[in-house]
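Breakdown of the fold
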Amino acid sequence: MTAFSLWEVGHNTAHHGFNNLKGRDQVWAPFSKAEFDTLPRYRQSLERLYRSGLGWGAYYLVEMWWKKLFFASRKEIGSSRRKYKLDSLLVSAGALLWLGAVALVARSTGQSFLLLATLAVVVPFLLWNGIMGFVVYLHHTSRRLPGSRTGRNGSANGPT
């Protein structure tokens, strides 16, 4: 359930073009201690959650998918193009068709729509976000990466 054009610009242009450069790469931007300390308390808590073993999926779902890969705003990705909106509409139509198929199966088999929708749509989607969050976390938080501890942007890893 990702708009391809948004993924392509985020992954190929922003991420691979500016890997781990703060303000350019869109994933797991590390904070210096001073930057972290200036965040509002709710955001500090959220950042701690995101970097915990329980938060990788939440990070990907909220910070990546919701904000940057599904009807992304100009504020989030730096531009707004017609194809981004069209791709997001296509993804939405696909999700509605998917739910419609689940509803038809539930009705024709006498099963609970809520249960089938949970097992056929919600659980796979949340698992995808969890796996992606885990992989993105591992790929972008090593102290050996440029920009992570003392790399190109000179900041320290996020809070521990």
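Conventions adopted
Counting from 1, residues in each chain are numbered in the order their sequence is written. Thresholds applied to this predicted model are a pLDDT of at least 70 for local features of residues and 80 or more for the giving and counting of side-chain atom pairs; totals over whole chains, interfaces and linings are not thresholded and use all residues. Derived side-chain values reflect all non-hydrogen atoms in the structure, with water molecules and hydrogen atoms excluded from consideration. Helix numbering and strand numbering both begin at the N terminus, where a helix is a DSSP run of H or I of at least 4 residues and a strand a DSSP run of E of at least 2. Working rule for helices: expected span equals 1.5 Å times residues minus one. Using a 1.4 Å probe on the protein chains alone, a residue whose accessible area is under 20% of its type maximum counts as buried, one over 50% counts as exposed, and one in between counts as partly exposed. Each direction from the helix axis to a C-beta atom contributes to the arc, which is the arc of those directions. One side-chain nitrogen of Lys or Arg within 4 Å of one carboxyl oxygen of Asp or Glu is enough to make a salt bridge. Any two residues whose heavy atoms approach within 4.5 Å at even a single point are treated as in contact. A score between 0 and 100, pLDDT records how confident the predictor is in each residue.

1. Section: helix H4 (residues 56-69)
- In this model H4 runs just 16 Å from its N-terminal to its C-terminal C-alpha over 14 residues, more than 12% under the 20 Å that 1.5 Å per residue would give.
- Buried residues of H4: Trp56, Gly57, Tyr59, Tyr60, Glu63, Met64, Trp65, Lys68 and Leu69, and no others. Across the axial projection of H4, the buried residues extend over an arc of 170°, all falling on one side.
- Phi turns positive one or two residues past the end of H4, at phenylalanine 71, with a value near 50°.

2. Overview of the pattern of salt bridges
- Taken as a whole and assessed by the stated rule, the structure comprises five salt bridges.
- Put simply, glutamate 47 and arginine 43 hold a salt bridge, and the shortest N to O gap is 2.7 Å. On the criterion of helical spacing, the pair formed by glutamate 47 and arginine 43 is a turn pair, its members being four residues apart in helix H3 (residues 41-50).
- A relative accessible area of 5% places glutamate 47 in the buried class.
- For arginine 43, a relative accessible area of 17% corresponds to the buried category.
- Glutamate 47 is paired through a salt bridge with arginine 51; the nearest N and O atoms lie 2.4 Å apart.
- In this structure, a network of salt bridges that share partners links the residues Arg43, Glu47, Arg51, Glu63 and Lys67.

3. Digging into unusual backbone geometry
- Despite not being glycine, phenylalanine 71 shows a phi value in the positive range, around 50°.
- Along the chain, phenylalanine 71 falls in the loop between H4 and helix H5 (74-77).

4. Things to note about the environment of alanine 101
- Positionally, alanine 101 belongs in helix H6 (residues 82-109).
- Distance from alanine 101 to alanine 117, taken between C-alpha atoms, is 9.6 Å for residues 16 residues apart in sequence.

5. Here we look at the side chain of serine 88
- Within the secondary structure, serine 88 is located in helix H6.
- Look at serine 88 and you get buried, because its relative accessible area is 0%.
- Beyond its immediate stretch of four places on either side in the chain, serine 88 contacts Ala3, Leu6, Phe70 and Phe71.

6. Describing the confidence of the model for the chain
- Overall, the prediction assigns the chain a mean pLDDT of 82, with 79% of residues at 70 or greater.
- The secondary-structure element of the chain with the lowest mean pLDDT is helix H1 (residues 4-17), recorded at 74, while H6 shows the highest, at 95.
- Note on residues 148-160: pLDDT is under 50 here. Beyond four places in sequence and across chains, it has 43 contacts.

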